[in-house]
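# Survey of secondary and tertiary structure
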Amino acid sequence: MLSITHYLVLSLALFTIGVIGVVTRRNVIIILMSIELILNAVNINLVAFSRLFGDAAGQAFAIFIITDAAAEAAVGLGIIISFFRNRETVLADEMDLLKW
Amino acid sequence: MFDTIGFYFFAGLAVISAVLVVTRRNAVHSAIFLITALLATAGIFLQLHAEFLFIVQVILYVGGIMVLFVFVIMLVNLDVAIHQMQFNRMWLVALLLTIALGAQVYMVFHYAHAGMTEPLFHLQPARASDLEPNTELIGATLFSQYMLPFEIASILLLVAMIGAVVMAKRKV
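## A short note on the packing of aromatic side chains
One pass over the full model with this rule turns up seven aromatic pairs over all chains. Aromatic pair Phe61(A) and Tyr146(B): ring centres 5.1 Å apart, planes at 80 degrees, arrangement edge-to-face. Separated into two different chains, Phe61(A) in helix α3 (residues 57-87) and Tyr146(B) in the loop between α5 (134-144) and α6 (147-168) make up a pair that spans both. With a relative accessible area of 36%, Phe61(A) lands in the partly exposed category. Residue class for Tyr146(B) comes out buried when judged on its relative accessible area of 17%. Ring plane angle 65 degrees and centroid distance 5.3 Å describe the contact between Phe9(B) and Phe10(B), whose orientation is recorded as edge-to-face.

## Considerations on the interface of chain A and chain B
Each partner contributes to the interface: chain A provides 71 residues, whereas chain B provides 86 residues. Between chain A and chain B, a total of about 6,800 Å² is buried, with carbon and sulfur atoms accounting for 78% of that surface. Among the residues of chain A in contact with chain B, Arg25(A), Met33(A) and Arg51(A) are the three that bury the most area, contributing 10% of the side total. Linking chain A with chain B are zero salt bridges. At the boundary of chain A with chain B, the tally comes to ten residue pairs in polar contact (both at pLDDT 80 or more). When contributions to the side of chain A that touches chain B are tallied by element, the ones reaching two or more residues are α1 (4-24), α2 (28-53) and α3 of chain A. In terms of residues, the side of chain A that touches chain B owes the most to one element, α3(A), which gives 24 residues.

## Notes on the confidence of the model for chain B
Residues and elements named next belong to chain B. Mean pLDDT over chain B works out to 86, with 92% of the residues at or above the 70 mark. When the elements of chain B are averaged for pLDDT, helix α4 (residues 91-110) gives the smallest value, 86, and helix α2 (residues 27-47) the largest, 93. Here the predicted complex scores 0.89 on pTM and 0.91 on ipTM.

## Here's the deal with the domain arrangement of chain B
In terms of domains, chain B is made up of domain 1 (1-85), domain 2 (88-123) and domain 3 (130-172). Measuring from the centre of the C-alpha atoms in domain 1 of chain B to the corresponding centre in domain 2 of chain B gives 25 Å.

## Points about the side chain of Ser34(A)
Turning to its location among the elements, Ser34(A) is positioned in helix α2. With relative accessibility at 0%, the residue Ser34(A) sits in the buried group. Ignoring anything within four residues of it in the chain, the contact list for Ser34(A) reads Gly18(A), Gly21(A), Val22(A) and Val22(B).

## Section: α5(B)
Among the residues of α5(B), those classed as buried are Asn134(B), Ile138(B), Thr141(B) and Leu142(B). Along the axis of α5(B), the buried positions cluster into a sector of 95 degrees, meaning they face one direction only. Turned more than 90 degrees away from the buried face of α5(B), the exposed residues are Glu136(B) and Ser144(B). Those residues of α5(B) that are buried lie in contact with α3 of chain A together with α3 (51-75) and α6 of chain B.

## Notes on the environment of Ala62(A)
Within the secondary structure layout, Ala62(A) lies in helix α3. Judged by its relative accessible area of 0%, Ala62(A) is buried. A sequence separation of 20 residues divides Ala62(A) from Val42(A), and the C-alpha atoms of the two residues are 8.1 Å apart. Not counting residues within four places of it along the chain, the set of residues in contact with Ala62(A) comprises Asn43(A), Leu46(A), Val47(A) and Leu53(B).

## Topic: the packing of α2(A) against helix α1 (residues 2-23) of chain B
Running from N to C, α2(A) and α1(B) cross one another at 160 degrees; their axes reach a closest spacing of 9 Å. As the angle between them shows, α2(A) and α1(B) are arranged roughly antiparallel. Note that α2(A) runs across α1(B); the crossing there is left-handed. In this structure, α2(A) uses Ile30(A), Met33(A), Ser34(A) and Leu37(A) to contact α1(B), whose residues at the interface are Ala18(B), Val21(B) and Val22(B).

Calculation notes
- Residues numbered from 1 in each chain as written.
- Chains lettered and ligands numbered in written order.
- Predicted model: local features only at pLDDT ≥ 70, side-chain atom pairs only at ≥ 80, totals over all residues.
- Heavy atoms only, no water.
- Phe/Tyr/Trp six-rings, centres within 6.5 Å; stacked < 30°, edge-to-face > 60°.
- Helix = DSSP H or I, 4+ residues; strand = E, 2+ residues; numbered from the N terminus.
- Buried < 20%, exposed > 50% of the residue type's maximum accessible area, 1.4 Å probe, protein only.
- Contact = heavy atoms within 4.5 Å.
- Buried area = accessible area lost by both parts, 1.4 Å probe.
- Salt bridge = Lys/Arg side-chain N within 4 Å of Asp/Glu carboxyl O.
- Polar contact = N/O pair within 3.5 Å; in protein donor to acceptor, adjacent residues only side chain to side chain.
- pLDDT = per-residue confidence, 0-100.
- Domains from an automatic or database assignment.
- Arc of directions from axis to C-beta.
- Axes fitted to C-alpha atoms, helices over the stretch in contact; angles between N-to-C directions.
- Parallel < 35°, antiparallel > 145°, perpendicular 65-115°, else oblique.
- Left-handed = near helix turned anticlockwise from the far one by under 90°.

Have a look at this one:
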């Protein structure tokens, strides 16, 4: 195993790329993909620390994160489909029904 | 040696494809690069001797979630959206957020050695054999120490399934 810093830097890079995607993109589907990137970065951290301390609990938590990601993708994509059916758009800044 | 090469290969692949996910105009291209990024992450898991998570990542993420994404991209008509502006004017916010996040993470790990005898970055990793047999250890952890969170996760999946069906149904 390389030093833990390598993994932390990699995970921080993926996390910030994901955050930039969430903040700057207009397409909701790509925003959801960026959220998947963020969750992946968290998983890398968990597994790296699990390896560092020789404790399987970190990997067990990574499985919980993957479960969360699956649930979030299912519900989020369901919302996108139903919204697209009503408003014919996937752009985040046109989803302003609450702003009236 | 192989360890180092593997890490840099998979890390570079992951970062490059993550950048491409965020910058591509076409959502289908983004989805393809997201698959590459997820596979590269799976490679990192393999390099960290987390074999079970490697296979879970490949089957569940690449095989399950990404298929869902591609399906929705195909269902949603993107021909219009592709010719519209892809980015909103939030670059400054994104930059500030990135700097703040980086500083925050650095501070956390800088001060993280409070209860330890030596700084976090100088800790020697445990032996790789501590995590073997990998699947058996994860299973034992999940079904003894984290039994309640495991059951809650299964209820979460049920709720998500019902929620997705209700959301995507034609008439509520």
